[in-house]
Amino acid sequence: MEQVAQQIVNGLTIGSLYALIAVGYTVVYGIIQLINFAHGEIFMIGAFGALSTSLILFPGQTALWTLPLILAGAIAASVIVAVVMERVAYRPLRSAPRLAPLITAIGISVFLQELVRVGYNDPTLFVSDVNPFGFPSAKQKVVFPQVDGISGEAFELGGVTLQRPALFTIACLAICAVGLWFYINRTRTGRAMQAVSQDPDTARLMGINVDRMIVTAFAVGAALAAIAGVAYGLQTTNINFKMGFIYGLKAFTAAVLGGIGNIQGAVVGGLVLGVLEAIAIQYLPGGSPWKDIWAFSILILVLVFRPQGIMGAKVVDRA
């Protein structure tokens, strides 16, 4: 029984990461029916933004008070990249056939990976001095800064081992989910986003700035992905420029599982996917090396038998 409880905790931890990233997929899809396959790289850039903030502002420091500023640096990096990406790459293709922005998203994904790999490894491309902040090479795994109180030793509760970064990740999801629900349902901007997602033409006639709402959707998704990037770094103690690829695909699976276009569904889908993955690793043949196979098998089964996902959000075709 303790082993099952341990796997559920492990699943909720990894599922919280999936859910935080999946919300970005579903918010953007809910408004402009675009599957932004570059969203995984926004998650990766958030992690590197946090690392850069730590190296520049707090080199060698691990105090807990640095965490809010590290999170702010991560969110700023991800939001800026997401907003520029929307303005430069996606907005000009808004009226194009759906294949065009889909291919563009894949191209942006590769572009951002290589930009971080090359640029982070050689900061002289962006500043005039020679690596003034001691940025490590991004060609391999980079050690993520530790934070006192969160990176400490694990403790046991009822026979279940609880890692402090895991609790931090779950707490981030809980706070972000409540905050996002309030933002979407109780603020003027949130209700405007809902109006645009239902009918952008009518929303425009009602005086809503549709372009601003779309940019807001990209920014909100990027902020949550950045928080996930920091949580990932604290959990694994290292990051790399390819980390967004597999986590992006897993989060997309979570969004589809929950019902893409449905924010609550993205959260539920992420948690369900994480728990199923942890249970499968423990009890199905193959163990950990097969975890990605189980996850993407779930994606195929959902698309075949219940394409609207768990929460039953309907996919509206406006093409």
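Just so you know, these numbers come straight off a predicted model, no measurement behind them.

Engineer: Which residues make up the side chain of Ser-16, and what values do they have?
Structural biologist: Its place among the elements puts Ser-16 in helix 1 (residues 2–32). The exposure class of Ser-16 is buried, given its relative accessible area of 1%. With residues near it in sequence (within four places) discarded, Ser-16 still touches Thr-169, Ile-170, Leu-173 and Leu-271.

Engineer: Mind laying out the nonpolar core, listing which residues take part and the relevant values?
Structural biologist: Phe-43, Phe-48, Tyr-90, Val-230, Ile-239 and Tyr-247 are the most contacted members of the largest nonpolar core, which has 87 residues in total. Ignoring anything within four residues of it in the chain, the contact list for Ile-239 reads Ala-47, Phe-48, Leu-51, Gln-140, Lys-141, Val-142, Phe-144, Tyr-232 and Gly-233.

Engineer: For the pattern of salt bridges, give the residues involved together with the corresponding values.
Structural biologist: Applying the stated criterion to the full structure yields seven salt bridges. For Arg-117, the salt bridge goes to Glu-114, with nearest N and O atoms at 2.7 Å. In this pair, Arg-117 and Glu-114 both sit in helix 4 (residues 99–121), three residues apart, roughly one turn of the helix. For Arg-117, a relative accessible area of 23% puts it in the partly exposed group. Since its relative accessible area comes to 32%, Glu-114 is described here as partly exposed. With a shortest N-O distance of 3.4 Å, Arg-204 and Asp-201 are connected by a salt bridge. Taken together, the residues span about one helical turn, with Arg-204 and Asp-201 both in helix 7 (residues 200–205) at a distance of three residues. Each of the salt bridges in this network shares a partner with another, and the network as a whole consists of Glu-86, Arg-91, Arg-94 and Asp-211.

What counts, and where the lines are drawn
- Residues numbered from 1 in each chain as written.
- Predicted model: local features only at pLDDT ≥ 70, side-chain atom pairs only at ≥ 80, totals over all residues.
- Heavy atoms only, no water.
- Helix = DSSP H or I, 4+ residues; strand = E, 2+ residues; numbered from the N terminus.
- Buried < 20%, exposed > 50% of the residue type's maximum accessible area, 1.4 Å probe, protein only.
- Contact = heavy atoms within 4.5 Å.
- Core = buried A, V, L, I, M, F, W, Y, C linked by side-chain atoms within 4.5 Å.
- Salt bridge = Lys/Arg side-chain N within 4 Å of Asp/Glu carboxyl O.

Read these as spatial facts, not as claims about activity.
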